[in-house]
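Commentary on secondary and tertiary structure
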Amino acid sequence: MLAQRVRRLAPSATLAVTARAEALRAQGIDVISFGAGEPDFDTPQRIKDAAIRALRAGKTKYTDAAGIPELRAAVSLALKRDRGLEYSPDQVLISVGGKHSLYNLCAVLFQAGDEVLIPSPYWVTYPEQIRLVEATPVFVPTDESTGFEVDPDRIRRALTSRTRALILNSPNNPTGAVFGVESLKALAALAVERDFWVISDECYAALSYEGPAPSIATLGPEIQARTLVVNTCSKAYAMTGWRIGYAAGPRPIVKAMADFQSQCTSNPTSIAMWAAIEALTGPQDEVATMAQEFNRRRHAIVNGLNAIPGIRCVVPKGAFYAFPNVSDLFGHRWEGQPLKSSSDVAACLLEAGRIAVVPGLDFGADHHIRLSYATSLSSIEEGLERIRRVVASLEQ
Ligand code: PLP
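It should be emphasised that the depicted structure is a prediction, and the values quoted were computed from it without experimental measurement.

Rules used in this analysis
- Residues numbered from 1 in each chain as written.
- Predicted model: local features only at pLDDT ≥ 70, side-chain atom pairs only at ≥ 80, totals over all residues.
- Heavy atoms only, no water.
- Helix = DSSP H or I, 4+ residues; strand = E, 2+ residues; numbered from the N terminus.
- Buried < 20%, exposed > 50% of the residue type's maximum accessible area, 1.4 Å probe, protein only.
- Contact = heavy atoms within 4.5 Å.
- Core = buried A, V, L, I, M, F, W, Y, C linked by side-chain atoms within 4.5 Å.
- Domains from an automatic or database assignment.
- 1 Å grid on protein atoms, 1.4 Å probe; cavity = no way out; pocket = protein on both sides within 12 Å on 5 of 7 lines; lining within 4 Å.
- Points joined across faces, edges and corners; volume = space filled by probe spheres on them.
- Nonpolar A, V, L, I, M, F, W, Y, C, P; charged D, E, K, R; others polar.
- Polar contact = N/O pair within 3.5 Å; in protein donor to acceptor, adjacent residues only side chain to side chain.
- Near = heavy atom within 4 Å.
- Areas by Shrake-Rupley, 256 points an atom, 1.4 Å probe, with all protein chains shown as cover.

Looking at the secondary structure, you find serine 170 in the loop between strand 5 (163–169) and helix 8 (181–194). Residue serine 170 is classed as buried on the basis of its relative accessible area of 7%. Remark: the alpha-carbon pair of serine 170 and serine 379, spanning 209 residues in sequence, is separated by 27 Å. Serine 170 has contacts with Ala177, Val178, Phe179, Asp201, Glu202 and Ala213, leaving out every residue within four places of it along the chain.

Shown next, in the form of C-alpha cells:
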C-alpha cells in the first residue's frame, strides 16, 4: 500500500526510548531521562519578546519561500561573526530547522546510484534522508581511541566513481567529537581533487568546549565552493520548537533548494523567523552561559561514567552527549539473560533502574549508549547513582 521509500524508513529509536520513558512517567514512575536531544533551558526572553512584537505587528503572512531577507542578512552576519564564514544573504536559505535544510540538500544533490559518505557513528537522520532520495549511504568508521576523529585516509579509501558527497558533523552527535583542522585540511584537499560536495552540519558549533570547532568552509575558496554549511537556532538559543535552521553555500545550490522548498513547504513560520533575527543579532551572552553550564555537566557525567566498572567514556569535546562504551557489560546477566547489545543495556537500565538512554545501534555503534547531558546536574548525579546500582546488581 505504501511507497517503497517509506516502507524502508527506520523508526527513530531515540523517540521510542522517549515514548517508553513517558509511558512509565504517566504511570507515576520517576524516570531519569538522558534521551533528550535538546537544551533543557527555556528560550531567552528577548527572543520570545521579538516573536510577540512580530505577531502584534501583523507579520503573519506568507513570506519569500527562502526566508525573509532580514533573516538571511542576519544569518550572513552571524556566520561571519561566529564562524569566520563569508556568505552574502542570497547564499543563505532559511528552513524549518537544520533537519529540513539537510533534507532539501539531499533532494537537490542526490539521486539513485549516488553514494554519500558518512563518518560513523553518525546522527540517525543522515542515512534515512539519503535513502529517501534513493541514494546510498556509505559508512566510514571512526575510532574511539582517537576520540572518534574523522580519518581522511579511510574517507579516501571509501571513494568510488559514484561518490557525490561527504557529510561532516562537528561537533558530533552522538560522539561529541570536534574534528581537528589537520583532518579537515586533508579532507578539503581530497574533496577538491576528487570533486565531491561536503555537507558540513555545524548545528552544535556553539557548544565546543576546548576551543572553537573549525569549519571546513573556512579553509579556502576552492573548498568553500563545494561546501554546504548547515546550522540552526535550535541548540545555541534553546529554540528547538521554533523550527528555524539554515543552509549556506554556492548560489545555484541555494537557489535549487529554495525552489524545492517553495513547492514543499513555502516559507518557515514568519513569527519564528523574526524571533530568529533577535536570537542571531541580539546580545549573545546567554549562549556562553549555557555552554558553560553544559561544560560543568560534561565533566560530571564523563567522570561519573568512567568510575563505573564495565563502562568507559571518551571525553566529548562538543555538543551535549556522552557516548560511553558498554561492551564490557555484554555477557553479564540481568534477570537470568545475558546482555548482548546496546539495546539490551538500554532496556535493562530503563526497566531495572528507571534511566532512559539511547542504544548506540541507532547511530551505527552497538558497543555504545548515548546519554544527553542537557539535563540538570542533580538529575545527572541521581542518574549516575542509579546506573552504578544497576551495573552492580548484574550477575557476571
Ligand atoms: N544535526 C544534528 C547532528 C542534530 O543532532 C540535529 C538535531 O538533533 C539537527 C541537525 C537538526 O536540528 P534542528 O532540525 O532542530 O535544527
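Residues Phe34, Phe110, Leu168, Ile301, Leu305 and Ile387 are the most contacted members of the largest nonpolar core, which totals 91 residues. Tallying contributions element by element places helix 12 (residues 285–306) first for this core, with six residues. Composition of this core by domain shows at least three residues from each of domain 1 (4–42 + 286–391) and domain 2 (61–281). Residues within four places of leucine 168 in sequence aside, it is in contact with Pro119, Val150, Phe179, Leu184, Leu187, Val198, Ile199, Ser200, Asp201 and Ile216. Leu85, Val92, Ala217 and Leu280 belong to the second largest nonpolar core, which has 29 residues in total.

Attention now moves to the layout of surface pockets. Of the pockets and cavities examined, the largest pocket occupies roughly 1100 Å³. Counting only elements with at least two residues in the lining of the largest pocket, the list comes to helix 2 (13–26), helix 5 (98–109) and helix 6 (125–132). Here the lining of the largest pocket is composed, by residue class, of 21 nonpolar, 16 polar and twelve charged. Split by domain, the lining of the largest pocket shows at least three residues from each of two domains, domain 1 (4–42 + 286–391) and domain 2 (61–281). In this structure, the second largest pocket occupies an estimated 370 Å³ of space. Lining the second largest pocket are 22 residues; nearest its centre among them are Asp82, Arg83, Ala205, Ala206 and Val287. Going through the elements one at a time, helix 4 (69–83) and strand 7 (227–232) are the ones with two or more residues in the lining of the second largest pocket. At four residues, the largest contribution of residues to the lining of the second largest pocket is made by helix 4.

This brings us to the side chain of serine 215. In this fold, serine 215 is placed in the loop between strand 6 (197–201) and helix 9 (221–224). One polar contact links serine 215 to glutamate 202, side chain to side chain, over a distance of 2.6 Å. Among residues more than four places away in sequence, those in contact with serine 215 are Arg83, Leu85, Ser200, Glu202 and Val229.

Time to look at the site of the ligand. If you check the shell around the ligand, you find 14 residues, and the closest are Gly98, Asp201, Thr232, Ser234 and Lys235. At 2.8 Å from an oxygen atom of the ligand is found a side-chain nitrogen or oxygen belonging to tyrosine 204. Contacts to the ligand include arginine 243, whose side-chain N or O atom sits 2.7 Å from an oxygen atom. In the complex, the protein chains occlude 92% of the 390 Å² of accessible area that the ligand would expose alone. For the shell around the ligand, the per-class residue count stands at four nonpolar, six polar and four charged.

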